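Coordinates in review
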Amino acid sequence: MAESFTTTNRFFDNKHYPRGFSRHGDFTIKEAQLLERHGFAFNELDLGKRDPVTDEEVQFLAVCRGEREPATEAEKVWTKYVTRIRRPKRFHTLSGGKPQMDTVEDYTESDD
C-alpha cells in the first residue's frame, strides 16, 4: 500500500466520531490508524473525486460499488466505516421494555 491511497490529509469524522476513531470503540487501534492515515483517500475514491492510480485502488473502487467483496484490510475497514455511519443508532430504554410509539389522534371535526 506504499503507492496506493497516498494523501497528505488526515481523515476525521467529527459528526459520527467526535472523539476520534480509536476512542469510540467501533474500530481496533490498527483500523483507527488506517482510517486516519488513508481515510481521506478512501473517501475521495468512494465519492469519485479521485481517479484510481494503482490496481489496488481499482479493486477498492469495485468494493465501494458493490461489485466484489472486501479482501484487503483497507477494503474491510472502509466497508466497516461506511456501514456504521449509514446504520441508524440503536438506543436502549431504562425500563428494559420495548420503546413505545406516540400515537397521534385526529381531532378534526367531522360533518356527522
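Residues numbered from 1 in each chain as written. Predicted model: local features only at pLDDT ≥ 70, side-chain atom pairs only at ≥ 80, totals over all residues. Heavy atoms only, no water.

Under an unreviewed UniProt entry, the name given to the chain is Macrodomain Ori protein, and the organism recorded is Chimaeribacter arupi.

**Points about the layout of surface pockets**
Which entries qualify depends on this criterion: Put plainly, a pocket is an open set of points on a 1 Å grid over the protein atoms alone with protein on both sides within 12 Å along at least five of seven lines, a cavity is a set where a 1.4 Å probe fits but cannot get out, and a lining residue has an atom within 4 Å of a point. Grid points are joined across faces, edges and corners, and a volume is the space filled by probe spheres set on the points. Note on conventions: DSSP H or I runs of at least 4 residues are helices, E runs of at least 2 residues are strands, and numbering of each starts at the N terminus.
The calculated volume of the largest pocket comes to roughly 190 Å³. Those elements giving two or more residues to the lining of the largest pocket turn out to be helix 3 (55-64) and helix 4 (73-86). A per-element tally of the lining of the largest pocket places helix 4 first, with five residues.

**Let's talk about the environment of Thr 28**
In this structure, Thr 28 sits in the loop between helix 1 (21-24) and helix 2 (29-47). Considered as a pair, Thr 28 and Val 77 are 49 residues apart in the sequence and their alpha carbons are 9.8 Å apart.

**Focus: helix 2**
Short version of the rule: One less than the residue count of a helix, multiplied by 1.5 Å, gives the span that helix is expected to have. One fitted axis covers the seven residues ending at a residue, a second covers the seven starting there, and the bend at that residue is the angle between these axes. For the exposure calls, accessible area comes from a 1.4 Å probe over protein chains only, and a residue counts as buried if that area is under 20% of its type's maximum, exposed if over 50%, partly exposed in between. A contact between two residues is defined here by any heavy atoms of the two lying within 4.5 Å.
The end-to-end C-alpha distance of helix 2, which contains 19 residues, comes to 25 Å, matching closely the 27 Å that a straight helix rising 1.5 Å per residue would cover. Roughly 65° is the biggest bend found in helix 2, and it falls at His 38. Every buried residue of helix 2 is accounted for by Ala 32, Leu 34, Leu 35, His 38, Gly 39, Ala 41, Phe 42 and Leu 45. In this structure, the buried residues of helix 2 make contact with helix 1, helix 3 and helix 4.

**Considering the nonpolar core**
The criterion, for reference: The term nonpolar core refers to a set of buried residues drawn from Ala, Val, Leu, Ile, Met, Phe, Trp, Tyr and Cys, joined through side-chain atoms within 4.5 Å.
By size, the foremost hydrophobic cluster in this structure holds 18 residues, and its most contacted members are Phe 5, Phe 21, Phe 27, Leu 35, Phe 42, Trp 78 and Tyr 81. Elements supplying a minimum of two residues to this core: helix 2, helix 3 and helix 4.

**Here's the deal with helix 3**
The complete set of buried residues in helix 3 reads Glu 57, Phe 60, Leu 61, Ala 62 and Val 63. Buried-residue contacts for helix 3 involve helix 2 and helix 4. Downstream of helix 3 by one or two residues, Gly 66 has phi in the positive range, about 85°.

**Comments concerning the pattern of salt bridges**
This is how the line gets drawn: By definition, a salt bridge exists where a carboxyl oxygen of Asp or Glu is found within 4 Å of a side-chain nitrogen of Lys or Arg.
Counted under the stated rule, the structure contains five salt bridges. One salt bridge in this structure joins Glu 57 and Arg 50, with 3.4 Å as the shortest N-O distance. Of the charged contacts in the structure, one is a salt bridge between Glu 75 and Arg 68, with a shortest N-O distance of 2.9 Å. Looking at Glu 75, the relative accessible area reads 1%, which means it is buried. Using a relative accessible area of 29% as the deciding quantity, one classes Arg 68 as partly exposed.

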